[in-house]
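These are the residues of each chain, in order.
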Amino acid sequence: MTTGIRVEGLSASYRNKQVLFDVSCQAQPGEITALLGPNGSGKSTLLKATLGLIPASGEVHINGQPLDSLVPAQRAREVAYVPQRTQLMARLSVTEVVELGRFAHRGPLAVRTAADREAVELALESAGVASLATRSFLELSGGERQRVLLARALATGSKTLLLDEPTSALDVRQVLSIHGVLRRLAEEGCCILVVLHGLFEAYQNADQAVLLHRGRVQQQGAVAEVLRPEVVEEVYGVRMEAASAWKFSLPEESQ
Amino acid sequence: MNRAVLAWLVLLVAAASAAWVSLSVGEGDLGDAALRDMYLELRTWRLLNSMLAGAGLAVGGVLVQGLFRNPLASPSILGTTAGASLGGVLILLLWNGFLVTRMPVWVPMELVLPFGCLSGAWIALMILLLVTGKRSGLVTVLLTGFILSSFFVALGGFLLSVAQENWELGRAVVSFTLGGVDSKGGAHVALAAPLVLVGSVVAFGWARHLDAMLAGEDEAASLGVNVLQVRRWVIVWTAVLTGAAVAIGGNVSFVGLVVPHVMRSYVGVKHRALVPASFVGGAVFVAWADILTRVVPAQGVVPLGVVTGLVGAPVFLVLLARAAREGRIA
């Protein structure tokens, strides 16, 4: 069985304007695949079409199954989503937010089972937010919220994660902490497709990259192969030079 | 003590005291042994009707607030109550041989009124959704509701002036439009109770879906919610609940706004707690409002909708001001 995400010949429109043109790409388990491209190149649209949130033509396979063959609950158990910024503005505790991830595992009137509790605890632990469990979601910092949303995605039990610019509003420490979690998940066999804005961030943290330009795939492959000076210049219109750069990492005890 | 437990204790005490006061206050002397039973029976039906109307509107409020992800939405603010009221007036006129003469008028009025109200509520919600679309901001939704409400009220006024030709009918239309549970009896309870109870149980059953919808439609869909299905059913059941409530209580405003809002701050935002608390809270609120209509010194009867409006409108303004201050209005 093929696993991970496979997109073939995907075209999609947003607000009556075609945004994606015949896009084909894939993401494998055990790897972090960065989805890159300038603003308006179609990254978020590709992510939403892959999740089946917007109508699109073409084929999407999640873990070998065609996306259209899955009902919403099945789909939610196969692939989980972390939005760029959540719309959640209700007074829920962190645990209650993560419990929303269990939606697809329960019947209409079913109560919380031991399996639900265990999955929620594990997800809180994995995303490094177990210590925040009883806090109100609205009181958290941007970085903490993002990790709670990651925990909610993990609670769905799916091994395929789609993240839309999860680090865009975060400071350097929070960014490192998110990438630390993503790397560990990839090592545990998860398939991770993440939209990233920063090329340097992608270079440092991803294994593979898919570079979109005006709704088409410009390049895909190992991240170092994709981010070559001539490609970057063509897509972003900037010059890229190798240089010694700062390197940031979390101190041992907080990893 | 836990805030939710406290809220339930207050609700139960308020419900019990409303029942007791409602049975002991009003026109007629309970000391008159010959009439005592009749007075008590009339007041019991009146109490049950007020409670059903309140429960239906409050749970309807929870549903639309979940659908629009907006604590400022409610059946009266979105024009749903006015739509239900207009539907009621229309069916009242039709059934009395007005406009069309070949109606099966042997069917009692109490039986068809809820369906007129229900259709009116449903059409009002559909127009609102058609005009505002899927991703309208708070202001668009509230303004559209306001305009729809004004339009339905104007249409109702027009129908009333047409109906004035027949004095009896004109009186019936006025009395229905103003709202109130006086002179409502067992037939009203028998018709509205199943609609309100089933609607509330369904709302309770959708609790987890509505919880997930708190995160917005995209996130809810990604969690496995069939968003289209939820939207469709929420609209149908909001129409049922509002229609049933308006059929027995008339145009009682602001219940669906005030009650869920107050309950949320005590039992939390999760719908499994919010739906039952709003059900009881709505029943208690309108039962007490109806008691007030009886004890406020006034020439004639103070309509029920006037009492709930006097409480509800200021609460709405406070909420609106708070939303504006917190930058939630865009």
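One structure accompanies this document, and this report is about it. These numbers come from a predicted model, not from an experiment. Each chain carries its own residue numbering, running from 1 in the written order of its sequence. Chain labels run from A onward and ligand labels from 1 onward, assigned in the order the entries are written. Per-residue local features are limited, in this predicted model, to residues with pLDDT of at least 70; the limit for side-chain atom pairs, both in listing and counting, is 80 or more; totals at the level of whole chains, interfaces and linings are taken over all residues.

1. Here's the deal with the overall build of chain B
So the rule is basically this: Runs of H or I in DSSP of at least four residues are treated as helices and runs of E of at least two as strands, each being numbered from the N terminus. For a compact globule the rule gives 2.2 Å times the number of residues to the power 0.38, and the radius of gyration it is set against comes from C-alpha atoms. A pair of residues counts as a contact when their C-beta atoms, built from backbone coordinates, are within 7 Å of each other.
Counting secondary structure elements, chain B contains 13 helices and zero strands. Starting at the N terminus and ending at the C terminus, chain B contains elements arranged as α-α-α-α-α-α-α-α-α-α-α-α-α. A compact globule built from 330 residues would reach a C-alpha radius of gyration of about 20 Å, and chain B, at 20 Å, matches this within 12%. With the principal axes as the frame, chain B shows a C-alpha extent of 65 × 55 × 35 Å. Considering only contacts within chain B whose residues lie at least 6 apart along the sequence, 80% involve residues at least 24 apart.

2. Here's the deal with the interface of chain B and chain A
On the side of chain A, 22 residues touch chain B, which itself brings 18 residues to the contact. At the level of secondary structure, the elements contributing two or more residues to the side of chain B that touches chain A comprise helix H8 (207-213) and helix H9 (217-222) of chain B. Of the residues forming the side of chain B that touches chain A, the biggest block, four residues, is contributed by H9 of chain B.

3. A closer look at the sheet that holds strand E9 (residues 208-213) of chain A
Residue and element names in this part refer to chain A. Short version of the rule: Any two strands with at least two DSSP-identified bridges between them are counted as paired. The convention used is that axes are lines fitted to C-alpha atoms, helices contributing only their stretch in contact, and that angles between N-to-C directions extend from 0 to 180 degrees.
Pairing within the open sheet is mixed, and its six strands lie in the order E6-E7-E8-E3-E9-E10. A single partner strand is all that each edge strand has here, and the edge strands are strand E6 (79-82) and strand E10 (216-222). Strand-to-strand twist across the sheet, computed as the mean angle between neighbouring axes with direction ignored, equals 15°. Sheet analysis places strand E3 (residues 32-36) next to E9, joined by four bridges and oriented parallel. From the neighbouring strand, Leu35 faces E9, where its bridge partner is Val210. With respect to the sheet, helix H5 (residues 142-155) is in contact with E6 and strand E7 (160-164), its orientation differing from that of E6 by roughly 170°.

4. So, the environment of Thr132 of chain B
Residues and elements named next belong to chain B. Relative to the helices and strands, Thr132 is located in helix H4 (residues 109-132). Note: C-alpha distance between Thr132 and Leu142 (10 residues apart in sequence) is 9.7 Å. Not counting residues up to four positions away in its chain, the partners in contact with Thr132 are Thr140, Val141 and Thr144.

5. Remarks on the sheet that holds strand E2 (residues 17-27) of chain A
All names here are of chain A. The strand order across the open sheet formed by four strands is E2-E1-E4-E5, and the pairing between neighbours is antiparallel. Edge strands, defined here as strands with exactly one partner in the open sheet, are E2 and strand E5 (65-66). Along the sheet face, helix H1 (residues 43-50) touches strand E1 (5-14), E2 and strand E4 (56-62) and points at about 115° away from the line of E1.

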